Structures are given as C-alpha cells and as structure tokens.
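# An overview of the molecular structure
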Amino acid sequence: MLAHLPLILLAHATLAPPSTPPEPAAPEVTDSDAQGNAGDIVVTARRRAETEQTVPIALSVLSGRTLADSGAFNVNRLQQQVPTLQFYSSNPRNSAINIRGLGAPFGLTNDGIEQGVGFYIDGVYIGRVGASTFDFVDVDRVEVLRGPQGTLYGKNTTAGALNITTRAPSFTPEARAELSVGNYDFVQGKTSISGPITDTLAIRLSTSATTRHGTIYDVASNTDLHRQRNIGFRGQVLYKPTATLSLTLAGDLNVQNPLCCAQIYARVGTTQRAANRQYPALAAAFGYAPPSTNPFDRVTDLDAKINSRQEVGGASLVTNWDLGPATLTSVSAWRYWDWKPANDRDFIGLPITTVSQNPSQQEQESQEIRLASNGTNKLDYTVGAFLFHQTINTQGSQVQGSAASRFLLNPGNVPVGSRGCASPTANACNPAVLNGLTSTNTINFKNTSFAVFGKLNWEAFNHFHVQPGLRVNYDKKSGSYVSVVTTGSGSTTLNADQSATLAPQSYAPRFSAWNVSGDVTLSYDFSADVHGYATYAKSFKSGGINLSGLPLNAAGTAVDLTTQTVKPEKVDAFELGLKTQFLDRSVTLNVAGFWTEIADYQATVNNGQLTVIRGYLANAGKVRSRGVEFDASFRPSKRFNLYLNGAYTDAIYQKFTNAPCPPELSGGTVTTGTPGPAGVPGSLSPVVCDISGQRLPGISKWSFSYGGEYNVPVGGGDGQVYLGYDGSARSRFSSNPSPSAYTWIEGYSLSNFRLGYRKKDFNVFAWVHNAFDQDYFELLSTQSGSTGLIVGQPGDPRTFGATISASF
C-alpha cells in the first residue's frame, strides 16, 4: 500500500480495521460489516463506519503514515495537502481554520465568538483554534469535512470539520518509533507502545518531541525566532469487559515554546495622513532604519520581549455500548488551554509599544450522547444531545514607550523629515505624554450551549436515499471587559491624546438565543463505483460578544455600546457532488460544486482611531462563497501513482457597506460607504468604506495539491526503493479584512521531495521541503498607528533532512 499519498486519492488503499473502534465515538469496525469491498477506505465522518466513496459528503482523508511521510505534523502543514483548507496564524491565539474561505474572521482573535470549522480529537470538540496548533501525536487519520456539519456533530459548525482520530489501544502488543533530523538543527522523535494488561484491559502510551532553531534572527537580542520547542504526551486505557461494551479513558498534555511570532519589514505604502505622520518621515525623525528592507533576509530588531508559550491538555471518557439494533455512545471530556504570550506590536526596533500581551486561560467541559442504528437498513438513524460549557479568563496589558508620542500623535504642520515640531507645546513633541501609558485589561467569558440533533437515512427506493437532519440549539454567552489606563506617573487622569491612544473602558455584554437548523441530502448510487448527491443546509453560527474593547463614539468621548454584540450568522449552503472510480478502480475522480451564502457574516473590523489599531466584531450584510473542487488519482500499477486535487473558490462580500477602509485610505474622513479625500490628521472620525463585491481575505481563487510516487522492488523480497513528490500551489490572496493594494500576497508554489527505502514495518527516507527555496508570505499586516508600514510573516525556507521509522 502506498500510504504516503492522501488516502482519498488511492483507489486501492485500505485502512485495516483496528481491534477497537476506529474513532472512539464510533462503533467498532470489522471486516464483515464495515470495510466493504477490498480497496475501500473506511471513515467515520458521519459518526458511523462507512466506505469513503459512498459517503455523500465532500471530504479528504489523510492517514497517519501520509502525514509522517509528507512532514505534515500539524494543522498548518496539513493545508498544503487539502486545497480547500486554509490556516492562518500570527501567533497561536490569533489563529483561524477556514474551509472554502469560511469559518472565522481574518484578523485579531476575539474571545467572544465561535469558530465555523469544528476541530475534533477522538470525538472531543476543541473550543479554541489556538488549542489546535500542537504537534500531532500518534494519529491514525485525519478527515477534513467540507460544508455545514450541524446535524451529526455535537457542536454546530457552518464551514466544515477537522476530525482527528488517534491510534487506539491494542490487545496485540506493538511498538512504533520514528526519528527525524534536518537542517536548522531540526530533531523530532515519536514513540508509541500498546498492549494488553489483562484480557479486558489494554493501554497505549504515545510521545512526540520536536526541536528546531528559528528561521528569523533578531539582531537586537542575538536570538533566533520562530523556533520549535514542542513536547506532547498521550495515554489511553481501553476497558472491554464484553464484546458489546468498551470504555476508553484518554489523557494528553502538550507544551510548546516556539519563541514567536515576529512580523518583519515587508514594504511601505502611502496613506491619507499628512506626510510627516507617515512611516518614512517618522523613521527619519528618530534616525531609524530596519536591519534589512528585504524581508527574506529574515532579520529583525525587536526591542520588546517576545514569547508564545502554551500548554494544552485534557481528559476524556468514551463509552460505546452495542445494544443490538443500535449503539449508544457517550463522550465526556474536560480540556484546558494556558497561553502565555509577549509581543512587539510595533514590529520595529523603536520603543513605541514596549509591552503587548494577553495571557489567557480556557477550560471547557463537554458531554455528548448519541444513539446510532447498527448495520445497513431501510431506515438508519443517528440522534444525539450535546452540552458544552466554556470559561476564558484573559489578563491583557499594553504599555507605550518613549517613541510613542512622536509616532502616534499629531505634531502639527512640520516639514517632511524634520525632527522638530510646529509647536514646542505639542504633545507629540513630549515623550512623557505617552511614555509609560499603560492599559491593564481584565477579560472574562462564559459560554454555555445545549443542542439536540439527529439525522435519518431512508432508502426510498433501490439505490436512492433521502437523508434529512435537524438541530435545535441554545446558546448563552456572558462576559466582562474592564480596561484601566494609567499614565507613566500612575495617574488615571488622562488628557485627550492619552485617552485616544488607550481608552479606559468597562462593559459587560450578554447574548442568548435559541435556533433551529437542518439539512437534507439526496443521494443515488448509479453503480458500485459511481455515487451522486445533492445537499441543502440551513445552518447558523451563534451570535457573539465583543471582548477586545469597543470603538469610541463619534465624539470620541465614550465607548460605543451599540457594538457590544454581533448577530448570529445565517447560512444557506448548496452542494452537488459526484464520486467515481473506474478502470478497475485504478482511477478515482470526485467532483463537488458548492454555493454558500451567509447573512450577518461576523467580521473583524478596526476602529477609526489613528493612534493604536484595535479590532472588534461587526456584522457584514452578506457574503458568498462558491466554487468547484475535485480530487483525482491514477494508479496504473503497484509501482507508480499520481494524484491531483484542486479547488476554484470565488468568495466575496456581497454587501458590506460599513467596512474598515484599507491602509491606503487611513487618515481620511469618509462618508459611510464612500471612500473620500484626506481629512484632518489625527481625526477620530470613523473611517468606513463600501467593499461590497470585493474578495474575502485569505482565499486564493485557485489552489492545488499534486504529486506521485515511483518505486522499484529490491532484494528479491518486499523491499522497495521509492521516489516521491508532493507539491502545492495557490494564486494570490488578500491579507487584510478590506482588500488593499499593499497587502496582496502573490501566488506561490511549494515542492517537496523524498527518496527512501521501505520493507514491511521499516522505512527510511531523505526529504527536502520547499525544495526550490520559494520566498513567500504566510500573512501581511499593517503597523499600529496606520503609518503605512506593512510587515509580514515569511513562510519557511528550504529545509531538508532524513526520517527513519519502524514498527514492532
């Protein structure tokens, strides 16, 4: 089996059914009742064991060996193999997982909203995207489901789900070990052991550790940044007292300290502010120059502490009880996430913002109960209930430095490049005005949701199935945001410039609502190898509350409390799909077309202040994402195979008349919906633009993954020498909530090669990632203060190394 390729593309690949459930939340898979014909891929995307090609859902499946061979040991690298998956992260807390361009708003994270793409590990919903950035530990497979998943999964998700299944404990003794080494002093080790303790009790213990030097060098501290320092542990105990009852107790702990996330000088654009308030003049006023204006020199000169340590862990108990006609499943879980950051939010070596951090602690408890019919019947069903409770406590702080006054405040009418001020009494000329200005923020959040859901699968007549689903959901959110601002001398009495830079605020938003949603799928099996389906889903994403501070009112004298909450997203999703295999299953071609419209789309926007940029939540009137996806593979022999996956995604704001303006219009006064000319420098007028018809951020219209492998038998046995290639490509995309001429990231392609030898349970290979050393950005951002400076986060340069693995 050539498991190094995405499993959805290998017509003859087979997932051997384990002796325990393939996913703790699913019934046990056996050869007789679930695996189907030889060459089928067994998945649990619909909370029951089914063959992948017959499931009427657009999905991709990656095995643990696929992930290991391709070097995809986290979600960020997973996106290179699934064209419709997008992952963006300026740091672990500010991370987003999107599918088809939808899921979470692009930009700074806000504690008060939910994600649109569900992230599950062994049936347990993970409530924060930041907690998904750990290294994979002992993964059996990853299923990427596209489209709304609210009638089968406990937590409602509007854009899709990542369903990760780890290897289950085995009653047959086994051990696995893997070691990788590479440049940048990369070392990664993984181990797992499993076996019986008694006739009814089995255990599995797994570990993963990764270390690597950073790819960005900080000349100020003589430190390499964006390193990897990750360690993870996972333990599972399976108790199986009878053939019909199993209980799996699992616990995990992951600690990461990557010393990230720096964004470095990328380019400078012109804004609508006065010339003396734009980056070139401001930098000249301090005699400052960055260590390099070529971002791919990968150097920076940060003058503030940087850190991104996080700890993720939890425990779960999964029970499966076969009652004969149906299986009862219970998933009980507790999880936590502890985030300890520090950032240089001005991104350069000047003391503008000397402290910017939001340490955060999350705890969640969840309980899911499902009853699913067994076997294949005229009428199959899955019904369930889900309870989720989450608390988040965040202790934010921001401190301005001695360069903040000149960089953020209006110095008056000063000639460009001048280091003086129009008036010696101007606050911008006095470093003490903002030096030491400190905002101390206390943020608390509680989220409780409850749902009952179900889905039927009725074979109305031979080969034709009608599959309706229904969900009733209740959400309740409450929070508080308290920001206390003090001057450098410790006073809470602020002048106008100080309060405009860091505004004291205190408010306690609330949201609660019931919602009914559902979907219906019609599917037809044209033959054993040709399956078609059509789906309509009426879904929703719960309303949210703003917990990152609110904008000032039009007069700039008080907080605008009308923006405390955002309305729920209302989703209408249509999908047509065809899954085919032909030429004795040597060719697989799956195609899906989709059209999704979202009313009251939850977007991140920036305030109208020209001093410090803050993001808060607002509803865009309507967005639309439509496109076509395909997965294709060709395997003419056991020695050679090819695959090609692709997606065309056209995602736009259909209506967003009060959007934040792009950086090039910053500093202007604008009538709502109409970009206007430059206004008075330092104006607090809300700057909004009509960006209806423009593209959503983070989405390439075209994206592809492709590759193949050729192998030659050696040694007269089952040994093979093989050469493999995996590539990905994407077209340009916007890296700003409102498309800007300065923040488009040009398209790029990445190529990965491997050359190795394998025999039975032994594999050794050399690899190179980004083989042609492509320079590309993962994201671009604007500097606080709207100076026109654009900073970016470069993707990894070329890396190379070797991996050896064995199973016993």
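Residues numbered from 1 in each chain as written. Predicted model: local features only at pLDDT ≥ 70, side-chain atom pairs only at ≥ 80, totals over all residues. Heavy atoms only, no water.

Turning our attention to the sheet that holds strand β9 (residues 160-166). The sheet built from five strands is open, its strands ordered β3-β8-β9-β6-β7 with mixed pairing. Strand pairing shows two members of the sheet lacking a second neighbour, β3 (59-63) and β7 (124-125), which therefore form its edges. Summarising the sheet, β3 and strand β8 (residues 139-146) pair through five bridges and their orientation is antiparallel. Paired with Leu 59 across the strands is Leu 145, a residue of β8. (Pairing = 2+ DSSP bridges. Helix = DSSP H or I, 4+ residues; strand = E, 2+ residues; numbered from the N terminus.)

A few words now on the pairing of strand β41 (residues 748-759). Bridge count for strand β38 (residues 719-730) against β41 is eleven bridges, and the pairing is antiparallel. When the sheet's bridge partners are listed, Ser 728 is paired in β41 with Leu 750. As paired elements, β41 and strand β42 (residues 762-769) share seven bridges and run antiparallel to each other. Bridge pairing in β42 places Tyr 757 opposite Val 764. Adjacent in sequence and paired antiparallel, β41 and β42 are bridged by two residues, among which Lys 760 carries a positive phi angle near 50°.

Another aspect to go through is the nonpolar core. Counting 53 residues, the largest nonpolar core has Ile 97, Phe 119 and Leu 162 as the members making the most contacts within it. Discounting chain neighbours no more than four positions away, the residues touching Leu 162 are Val 75, Leu 78, Leu 85, Ile 97, Ile 99, Val 117, Gly 118, Phe 119, Tyr 120, Glu 143 and Val 144. Judged by nonpolar contacts, the second largest core, of 22 residues, contains Ala 403, Leu 408, Leu 434 and Leu 502. (Core = buried A, V, L, I, M, F, W, Y, C linked by side-chain atoms within 4.5 Å. Buried < 20%, exposed > 50% of the residue type's maximum accessible area, 1.4 Å probe, protein only. Contact = heavy atoms within 4.5 Å.)

What follows deals with the sheet that holds strand β14 (residues 223-225). Pairing is mixed in the open sheet, where three strands are placed in the order β14-β13-β18. Sheet topology places β14 and β18 (299-300) at the edges, where each strand pairs with a single neighbour. Bridge count for strand β13 (residues 216-218) against β18 is two bridges, and the pairing is parallel. Looking at β18, one finds that Tyr 217 is bridged to Val 299.

Turning our eyes to something else, we now look at unusual backbone geometry. The step from Cys 260 to Cys 261 runs through a cis peptide bond, and the omega angle for that step is 15°. When you line up the elements, Cys 261 lands in the loop between β16 (245-256) and β17 (264-268). A positive phi angle, close to 55°, is found at Asp 584, a residue other than glycine. Looking at the secondary structure, you find Asp 584 in the loop between β31 (569-582) and β32 (587-606). By relative accessible area, Asp 584 is classed as exposed at 69%. If you check the backbone angles, Lys 760 has positive phi at about 50° while not being a glycine. Among the structural elements, Lys 760 can be located in the loop between β41 and β42.

Under the definition given, this model contains 24 aromatic pairs. Seen from their ring centres, Phe 461 and Phe 464 are 4.8 Å apart, and the 15° between their planes marks the pair as stacked. Three or more aromatic residues link up through ring pairs in this structure, and these residues are Tyr 120, Tyr 125, Tyr 153, Phe 386 and Phe 388. Above the face of the Trp 595 ring, Arg 624 is positioned so that its terminal group lies 5.7 Å from the ring centre. In this arrangement the basic side chain of Arg 732 is found over the ring face of Trp 744, its NZ or CZ atom lying 4.2 Å from the centre. (Phe/Tyr/Trp six-rings, centres within 6.5 Å; stacked < 30°, edge-to-face > 60°. Lys NZ or Arg CZ within 6 Å of the ring centre and 35° of its normal.)

Another point: the pattern of salt bridges. Side-chain pairing between opposite charges can occur once the charged atoms of the two side chains come close. Counted under the stated rule, the structure contains 33 salt bridges. Residues Arg 234 and Asp 122 are paired through a salt bridge, measuring 2.7 Å at the closest nitrogen-oxygen approach. Placement of the pair is Arg 234 in strand β15 (residues 228-242) and Asp 122 in the loop between β6 (117-121) and β7, with a sequence separation of 112 residues. No difference in accessibility class separates Arg 234 from Asp 122, as the two residues are buried. The salt bridge partner of Glu 174 is Arg 176, with a shortest N-O separation of 3.5 Å. Note on Glu 174: relative accessible area 23%, which makes it partly exposed. (Salt bridge = Lys/Arg side-chain N within 4 Å of Asp/Glu carboxyl O.)

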